[in-house]
Amino acid sequence: MNIKIHSFKYKLAFSYLFIILVSFGLIAFFLDRKLENNSLQDIKTSLINQAYLVEAQIPKEALLQGNTPLMDSLVKSLSQKIKCRITVINKAGKVLADSEETINEVLKMENHSDRPEIKKALSDYTGEEIRYSKTLRIDMLYIALPIKSDREIIGVLRLALPLSDLKEMLFVIRRVVLYSLFFALGLAFILGAILTREIAKPINRMIYASNKFSKGDFSHKIHITSKDELGELASVLNKMAENLEDKIGEIEVKNQHLMAILESMVEGIVVVDKASRIISVNPTVEKIFNTSKNNLEGRVFLEAIRNNDLFGIINGVLKKGEFASRELNLMWPVQKIFQINASPVFEKGIISGCLLVIHDMTEIRKLETMRRDFVANVSHELKTPLTSIKGFIETLIEGAIDDKENNRHFLNIIQEHAQRLNQLVEDLLSLSHLESKDIALEKSIFNLHQLADNIISSFKVLSEKKNVEIKNEIPQEFLIRADKDRMEQVFTNLIDNAIKFNKEKGGVKVYGREEGKDMKIAIEDSGIGIPEKDIPRIFERFYRVDKARSRELGGTGLGLSIVKHIVELHGGNVGVESVEGLGSKFWFTLPMQ
Ligand code: ADP
């Protein structure tokens, strides 16, 4: 673990040390001052007292007479007793006796009248002075008293004491104080470290837990059982984490629902921010623009989807903050028609982006066109025979009924058109039935060769008339499982076409074989063939290569689409291979199951 010097623990420990250092230092300082002053005062008082006692013993006459030997012996003996230096000075400041000097040396001593303590004593005060003695190289305390005879100052008595004892005593005390300070500091450091560690422990736990919370792990719990503020803080943090976990859980569930909705939507959803940068898209958008989410999200709209019309709608919404709806014809990546609904997204009342809902209308529009075309086609197909029938009936009514030569011919034409109408309605009903979802196939197993034979026989008259030879090459024992009636319809339509669109003395071949899991059946003719450009549309309703010819041959243009429907209902496919002028091969497959 790396030491964080700014950590709460260290701050607390250093604060302790600082407080102890400052308070101890102050106490020591004032204590030291007080002690020094008191001790000095004590020494002074006792020295003054002693000075009074000594002064009383000094023989005044001897002083006045300048009897130095007497005074010398006196000061020396007294000095030994009271353990301090005694000096006797006369009124003029001349030293008469000194306990530390011999008589001869005393004579050489300089005049003391200028010494501050002596001056004071000569003025009838008690002189006090602390001075550094150059001779002894220590601080000395001097006390000087006036020596009086008949109330008159006749000299000065001075007592001197070296302060080295006091200094020594103070030094010892100071040393003890300093040691105590170090000891107290050490103790404070150890105790402080233990204490701060104990205080920091729950705080560290909370920091650890808060870190986990910030990373989204709310399952972590802070275990602090104390009833103090820290305990309370821990329980508040635990509660907060629990609430956050619940809230995030709720948001996640809602988010998942939203994602599921967005992903299953058939509409494309694009969300852009106010700088028209794509924030998110749903899978439908990927399909529409044939690209991946990664190529879209995070990029500016126009860079990702190069469509100015779409970008124009977004820009308008972002500027005006109003809903916009438009149908757009998109040429890229494929030609499609889209209904675009764009709504502004607000955040605290300010436009923060745009939500684009892209609805693919291509299929709907295609179906609408198909329906319109179908209605137009049906009307047109019905109109032609109806007009003819109406016309011939009118002709008959207007007198042709009595025209014995033509009336029968007219009636035959009416019958022919009525049959065409009937065929058309039958085919339409058949187609509409096949297209309805609830159609059920009645499947059975039957011999396909047999079925083809029966159909071919039914076309005997027509084929002979056209001189077309039909060969059934389906293997004799070819069994299939299908709706027999519907299969008859398929064969009838395809063989009918193969004869109708054949040439004189042409041929038709019907054959079948197994191909993987399917059976492939083909009706091949040596007829007129189909131009290449018409092949892709040949199975569409009412699509005919030559409308007039088809009509003439009694065709409705619905036969091949009926075939396609029936085959697809059986789970198979249809197709055609044809060369104009050479013939066609219509084939279909049926799964064998
Ligand atoms: P219909 O035969 O009633 O016109 P179909 O749907 O059966 O309608 O056929 C559509 C068109 O396909 C025909 O009008 C014809 O132009 C073309 N066609 C169908 N079968 C053949 C074929 N075997 N050979 C040439 N053209 C064909």
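Just so you know, these numbers come straight off a predicted model, no measurement behind them.

## As for the packing of helix α1 (residues 8-57) against helix α6 (residues 164-214)
- It is at 9 Å that the axes of α1 and α6 come closest, and there the two elements cross at 160 degrees. In terms of axis orientation, α1 runs roughly antiparallel to α6. Crossing geometry of α1 relative to α6 is assigned as right-handed.
- Its residues assigned to classes, the contact of α1 with α6 shows 26 nonpolar, four polar and six charged.

## So, the domain arrangement of the chain
- Its domain assignment divides the chain into domain 1 (58-162), domain 2 (265-360), domain 3 (365-435) and domain 4 (443-591).
- On a C-alpha basis, the centroid separation for the pair domain 1 and domain 3 is 166 Å.

## Looking at the packing of α6 against helix α7 (residues 229-264)
- Viewed as axis vectors pointing N to C, α6 and α7 meet at an angle of 10 degrees, and their least axial separation amounts to 11 Å. As the angle between them shows, α6 and α7 are arranged roughly parallel. Across from I199, P202, I203, M206, S210 and F213 in α6, the residues of α7 making contact are L230, L233, A234, L237 and A241.
- Of the residues that constitute the contact of α6 with α7, the class distribution is 10 nonpolar, one polar and no charged.

## A word on the sheet that holds strand β12 (residues 469-472)
- The five strands lie next to each other as β12-β14-β15-β17-β16, forming an open sheet whose pairing is mixed. Pairing within the sheet leaves two strands with one partner each, and these edge strands are β12 and β16 (574-579). The mean inter-strand angle of the sheet, taken between neighbouring strand axes irrespective of direction, is 15 degrees.
- Bridge count between strand β15 (residues 518-525) and strand β17 (residues 583-591): seven bridges; the pairing is antiparallel. If you follow D518 over to β17, its bridge partner there is P591.

## Description of the pairing of β16
- Both β16 and β17 contribute to a ladder of six bridges, which runs antiparallel. The residue of β17 that forms the bridge with G575 is W587.
- Connecting β16 to the antiparallel partner β17 that follows it, the hairpin turn spans three residues, and G581 within it adopts a positive phi of roughly 90 degrees.

Quick notes on the rules
Residues numbered from 1 in each chain as written. Predicted model: local features only at pLDDT ≥ 70, side-chain atom pairs only at ≥ 80, totals over all residues. Heavy atoms only, no water. Axes fitted to C-alpha atoms, helices over the stretch in contact; angles between N-to-C directions. Helix = DSSP H or I, 4+ residues; strand = E, 2+ residues; numbered from the N terminus. Parallel < 35°, antiparallel > 145°, perpendicular 65-115°, else oblique. Left-handed = near helix turned anticlockwise from the far one by under 90°. Nonpolar A, V, L, I, M, F, W, Y, C, P; charged D, E, K, R; others polar. Domains from an automatic or database assignment. Contact = heavy atoms within 4.5 Å. Pairing = 2+ DSSP bridges.

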